[in-house]
Amino acid sequence: MYKAFLHHAVETNDVSQLQQLVEHMVSEDVALLISRQVLQSLALTIQSLPPALHKEIGLFLLERIHPRVVSFEEQVTIVREGLSSMLEAEGDHRAAARMLAAIPLDSGIRVLDDDYKVAKYVKIARLFLEDDDSVEAEAFINRATLLISNCHDPELIIHFKVCYARILDGKRKFLEAAQRYYELASMDVSKIGKTVAEDDLFVGLSMAVMCAILAPAGPQRSRMLSTLYKDERCSKLDVFPMLQKMYMERILRPAEVEAFSHGLRPHQKARLQDGSTVLDRAVVEHNLLSASKLYNNIATDELGRLLGIPSAKVCLFVCGHSYRR
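Here the structure is a predicted model, which is why all the values come from computation and not from measurement.

Undergrad: Would you mind going over the overall build of the protein chain with me for this structure?
TA: Per the secondary structure count, the protein chain includes 18 helices and zero strands. Going through the 325 residues of the protein chain one by one, you find that 46% of them count as buried. In the protein chain, 59% of the contacts between residues at least 6 apart in sequence involve partners at least 24 apart. Approximately 17,300 Å² of the protein chain is accessible, and the part contributed by carbon and sulfur atoms is 52%.

Undergrad: What exactly am I supposed to notice about the nonpolar core here?
TA: The tendency in soluble globular proteins is for nonpolar side chains to be buried as a group. The biggest cluster of nonpolar side chains holds 55 residues, and the ones touching the most others in it are L18, L39, L42, V118 and V122. The element contributing the most residues to this core is helix α7 (residues 114-130), with eight residues. Judged by nonpolar contacts, the second largest core, of 40 residues, contains A165, L214, M224 and L264.

Undergrad: I'm lost on the packing of aromatic side chains in this one. Help?
TA: Given two aromatic rings, one states the distance between the centres and the angle between the planes to describe the pair. Using the criterion set out here, one finds five aromatic pairs in the structure. Their ring planes at 40° and their centres at 6.5 Å tell us that Y121 and F140 sit as a pair that is tilted. Residue Y121 is located in helix α7, and its partner F140 is located in helix α8 (residues 134-145); the two are separated by 19 residues in the primary sequence. The residues Y121 and F140 share a single accessibility class, namely buried. When the centroid spacing of 6.3 Å and the interplanar angle of 25° are considered together, the rings of F160 and Y164 count as stacked.

Undergrad: Explain unusual backbone geometry to me, please; I cannot follow it from the model alone.
TA: The phi torsion of most residues other than glycine is negative, and most of the peptide bonds are trans. At D132, a position not held by glycine, the phi torsion is positive, near 60°. Along the chain, the position of D132 falls in the loop between α7 and α8. The phi dihedral of R172 falls on the positive side, at around 65°, and the residue is not glycine. Tracing the chain through its elements places R172 in the loop between α9 (154-170) and α10 (174-185).

Undergrad: How should helix α15 (residues 254-261) be read in this particular structure?
TA: Because the α-helix completes a turn every 3.6 residues, residues three or four places apart line up on one side. Buried residues of α15: V257, F260 and S261, and no others. Buried residues of α15, viewed axially, fall in a sector of 100°; they line one side.

Undergrad: Explain the environment of F140 to me, please; I cannot follow it from the model alone.
TA: Judged by its relative accessible area of 8%, F140 falls in the buried class. Considering only alpha carbons, one finds F140 and A125, 15 residues apart in sequence, at a separation of 5.7 Å. F140 has contacts with A101, Y121, I124, A125 and F128, leaving out every residue within four places of it along the chain.

Undergrad: Sorry, what's going on with the pattern of salt bridges here?
TA: The final tally for this structure, using the stated rule, is 16 salt bridges. Residue R94 pairs with D133 through a salt bridge whose shortest N-O separation is 2.5 Å. Note that R94 is positioned in helix α6 (residues 93-101) and D133 in the loop between α7 and α8, a separation of 39 residues in sequence. Taken together, the shared-partner salt bridges connect E23, E63 and R64 into one network.

Procedures and definitions
Residues numbered from 1 in each chain as written. Predicted model: local features only at pLDDT ≥ 70, side-chain atom pairs only at ≥ 80, totals over all residues. Heavy atoms only, no water. Helix = DSSP H or I, 4+ residues; strand = E, 2+ residues; numbered from the N terminus. Buried < 20%, exposed > 50% of the residue type's maximum accessible area, 1.4 Å probe, protein only. Contact = heavy atoms within 4.5 Å. Areas by Shrake-Rupley, 256 points an atom, 1.4 Å probe, with all protein chains shown as cover. Core = buried A, V, L, I, M, F, W, Y, C linked by side-chain atoms within 4.5 Å. Phe/Tyr/Trp six-rings, centres within 6.5 Å; stacked < 30°, edge-to-face > 60°. Arc of directions from axis to C-beta. Salt bridge = Lys/Arg side-chain N within 4 Å of Asp/Glu carboxyl O.

Fair warning: the whole summary comes from geometry, so function is off the table for now.
Structural data, given as structure tokens:
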């Protein structure tokens, strides 16, 4: 009887009847065994409704079921997964992430394997990253970190590593991000199967080069640049000319820097406290090192023109560079 009523309400897009069914099913008057079956069918069936109706009924169900959510965890999960997918398709990644994040994964009521939990944590982290929120993403990837050693799904492990690299990138830990991206780009495709395509490896390699270029100057960055430069695949990348000049310690010209900046992501173009960008800082530090190879002595004004910064800032950069060395 209930399923026939549900089928008719969905077929006719009758929101009022569906809401009445929800109200009845979450009441104490219906046996839990029956209400769980009907609400599970409802949770699956409403996904075939037009998006606006799907969202309206889904949110209504979550609101009404909340006082008894412990009794309907599986049904709530189905509803939240469906709403999250719909929100993601609409481009609202933050709302999609929060919808998934509310799924009870550690209540102890249901027995969930680690692969399932990690998949949800990684998905939530990825959605937050799409919204350029590396802080929220890190919170969920940290939960996945505690369980990833128990996972046996190669594709899931790769998605976890990609998210971790993107979080480091988003937090401007560019050297660590470059190392993680390069690790991903160096995977043996023949052992992974169809999980990763060759094009995906080149994207990872390109991101490794970009992050290495943006990283603060120092011995570790020099080693990373050397590793990348010696990788024959890098010569096919659009960012290779910038990598080559940095590795060979040649002075970078404004036009070259401008061309490179077009491929950066918004967070990689963010401004620092002094008004400069991460790329500005990296280029000045590199050009300062390159100039030290060419000149034994140089006037402050001339060095400022060479670095493309006011002479007043030259001493600050020189002192900071000397301190890091």
